[in-house]
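So the chains spell out like this:
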Amino acid sequence: MAELVQRYLDEILAEHADVTDGALADYIPELTRVDPSKFGLALELTDGFAYESGDARTQFTIQSISKPFTYALALDRIGHDAVDRKIGVEPSGEPFNEISVDDRTKTPKNPMINAGAIAAVSLIPAADPQERFAQILDFYSACAGRPLDVDEDVYRSEKASNSRNRAIAYMLQSFGVLDDDPDDVLDVYVRQCAIRVTSRDLAEMASTLARGGVHPATGRRVTSAAAVQRTLSVMMTCGMYDTTGDWVTSVGMPAKSGVGGGILAVLPGQLGIGVYSPLLDENGNSVRGGRVCRTLSARLGLHFLSVTRESRSIIRATRDVAPRVRVYELHGDLLFAGAEQTLRTVENDRADVDVAILEVSKVDDINDTARAMLAGMRESLTAVGKEGYVVDPDRRVIPTDGRSAGAVVFGTVEDAIAAARDHVEIQAGSANRVG
Ligand code: DON
């Protein structure tokens, strides 16, 4: 299996290797010194297993991919309400370096554009800029699973050519968004943008977000699930700037790009992706990086909405095992959408079926919502003289505690069928007597 996936990734990289469209970011002079031919890809599952292809160990500066991580850190440290008072969550439809605030609130429109990212830096509680940066670096390193460092040349280069961001920082101060000295805040922001990473680091950082804030290899929680959920939401709606709509449609993964050439993408609950190719399009997104993400999503079925489509196949098979008795074999993850589909199918079959037997021993995961829905299914069946049974030999899906109240559970399909036959007979008998 591992070789097969490795081959997919190598093939996808090779398909886009000849693309030379785009240009190096030149408004930060040091970024024009990188090798434009470098091309790397890494994909890491949430269990920590990683694939690498091409120049996946080449270092580059994280740039704007820093933004979601500092935002998550701010959410974690001071809470959502305090962050919301200073930074919005609405897509701006503007370039990343627009000198703008929301017309009504006079705060940055979102944390993925420079204005919002500079504000997010200022929200990390710290006694001084050094301590603030140390916290940021520690957090990024915890997500990457190794100590990261700063490319001092890129840091100095951006510092020396930073009028635009200075304009933004002073504007934010004038609107009361920044409480600290704008130049101090900006210095930390420029330093965080110059942190060095590889595609592999990005995949690991993405996988940490995919696992809701738990580092995939160490199992250590590095931030709260609530901070990650909020961060992924704004990545989804604002992460790719003015091309976000197209990205969500064609790639369907929360993502963030940086003018260093990196793209990080997250498939929640499943995996993280890091891609590097420094030639950028006019929006500041890596050209080959974007293409690789599109191909990966299409070929491996990674669009986040395909989860909904897959949930349609939660019923693997149905079998009529006796007159008016049908067995439904369920598999995969039984969450809301899968449970809803099961209930609707059973309901649609009601005219032909008196007893529905759900065989759930192949279900990998179930949540309390789905559990409650299965229990509720029996209630609505018994209300019309029918029955719903569950076959769950290990009681993994329907535990013996109060959460499964109302469910009738059997250890084997045979036992369930025997009970079902009795039920059908009794029903038929009482129908005859009435007749
Ligand atoms: O502040 C800047 O302009 C850069 N340090 C980061 C911008 C960036 O990466 C935009 N993303 N594509």
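For clarity, every value in this text was computed on a predicted model and none was experimentally measured. (Residues numbered from 1 in each chain as written. Predicted model: local features only at pLDDT ≥ 70, side-chain atom pairs only at ≥ 80, totals over all residues. Heavy atoms only, no water.)

### With respect to the confidence of the model for the protein
For the record, the criterion: The pLDDT score gives, residue by residue, the confidence of the prediction method on a 0 to 100 scale. Residues count as neighbours in contact if any of their non-hydrogen atoms are within 4.5 Å of one another.
In the predicted model, the protein carries a mean pLDDT of 91, and the fraction of residues at 70 or more is 95%. Across residues 308–312, where pLDDT falls below 50, the model places 4 contacts with residues more than four positions away in sequence or in other chains.

### Re the packing of aromatic side chains
The test is simple: To pair, rings of Phe, Tyr and Trp, with the six-membered ring standing in for Trp, must have centres within 6.5 Å; the planes then decide the type, stacked if under 30 degrees apart, edge-to-face if over 60, and tilted in the middle. Helix numbers and strand numbers start at the N terminus; a helix is a DSSP run of H or I with at least 4 residues, a strand a run of E with at least 2. For every residue, the accessible area (1.4 Å probe, protein chains only) is compared with the maximum for its type, and the residue is labelled buried under 20%, exposed over 50%, or partly exposed between those bounds. Two conditions define a charge sitting above a ring: the NZ of Lys or the CZ of Arg must be within 6 Å of the ring centre, and it must be within 35 degrees of the ring normal.
Tallied over the full model, the rule gives 5 aromatic pairs. Ring geometry for Tyr27 against Phe96: centres 6.2 Å apart, planes inclined by 40 degrees, an arrangement best described as tilted. Here Tyr27 is found in the loop between α1 (2–16) and β1 (40–45), whereas its partner Phe96 is found in the loop between α3 (80–84) and α4 (114–122), with 69 residues between them in sequence. Given a relative accessible area of 11%, Phe96 falls into the buried group. A centroid spacing of 4.0 Å and a plane angle of 0 degrees characterise the contact between Phe60 and Tyr276, whose relative ring orientation is stacked. Taken together, the residues Phe60 in strand β3 (residues 60–61) and Tyr276 in strand β7 (residues 271–276) connect sequence positions 216 residues apart. There is no split in this pair, since Phe60 and Tyr276 are both buried. Positioned over the ring face of Phe133 is Arg191, at 5.9 Å from the centre of the ring. Here the basic side chain of Arg288 rests over the ring of Phe39, its NZ or CZ set 4.1 Å away from the ring centre.

### Observations concerning the domain arrangement of the protein
What counts is decided by this rule: Residue ranges assigned to the domains are those given by an automatic or database domain assignment.
Segmenting the protein into domains produces domain 1 (1–305) and domain 2 (313–423). Here domain 1 and domain 2 have C-alpha centroids that lie 44 Å from each other.

### Focus on the side chain of Arg371
For clarity, the cut-off: The term polar contact refers here to a pair of N or O atoms within 3.5 Å; inside protein, the definition further demands a hydrogen-donor-capable atom paired with an acceptor-capable atom, and it admits residues adjacent in sequence only when both atoms are side-chain atoms.
With respect to the helices and strands, Arg371 occurs in helix α15 (residues 368–382). Given the relative accessible area of 7%, Arg371 is considered buried. Looking at Arg371, its side chain comes within polar contact range of the main-chain oxygen of Val397, at 2.7 Å.

### A closer look at the sheet that holds strand β8 (residues 315–322)
Sheet strands pair by backbone hydrogen bonding; their relative direction is either parallel or antiparallel. The cut-off we apply is this: One requirement defines pairing of two strands: DSSP has to find at least two bridges between them. Here an angle of 0 to 180 degrees is reported between the N-to-C directions of two axes, which are lines fitted to C-alpha atoms, with helices fitted over the stretch in contact.
Taken together, 5 strands build an open sheet; the order of strands is β8-β9-β10-β11-β12 and the sheet is mixed. Every other strand in the sheet has two partners, leaving β8 and β12 (408–410) as the edge strands with one partner each. Ignoring which end each strand starts from, the neighbouring axes of this sheet average 30 degrees apart. As paired strands, strand β9 (residues 325–334) and strand β10 (residues 355–366) are joined by 9 bridges and run parallel to one another. Each residue of the ladder has a partner; that of Gly332, found in β10, is Val363. Taken strand by strand, α15 contacts β9, β10, β11 (387–391) and β12, and its axis lies near 180 degrees from that of β10.

### Things to note about the nonpolar core
Under the convention used in this document: Buried Ala, Val, Leu, Ile, Met, Phe, Trp, Tyr and Cys residues form a nonpolar core when they are joined through side-chain atoms within 4.5 Å.
Grouped together as the largest cluster of nonpolar side chains are 71 residues, with contacts concentrated most on Phe69, Ile118, Tyr140, Leu172, Met205 and Leu264. Considering every element that reaches this core, the biggest residue donor is helix α5 (residues 129–144), with 8 residues. Beyond its immediate stretch of four places on either side in the chain, Leu264 contacts Ile65, Phe69, Leu202, Met205, Ala206, Met235, Pro254, Ala255, Lys256 and Ile273. By size, the runner-up hydrophobic cluster in this structure holds 23 residues, among which are Leu13, Phe39, Val275 and Leu296.

### Here we look at the pairing of β11
A large share of β11 lies buried, amounting to 5 of its 5 residues. Side-chain alternation along β11 places Glu387, Tyr389 and Val391 on one buried face and Gly388 and Val390 on a second face that is also buried. Taken together, the 5 bridges between β10 and β11 define a ladder with parallel strand orientation. Note on β11: the bridge partner recorded for Ala356 is Gly388.

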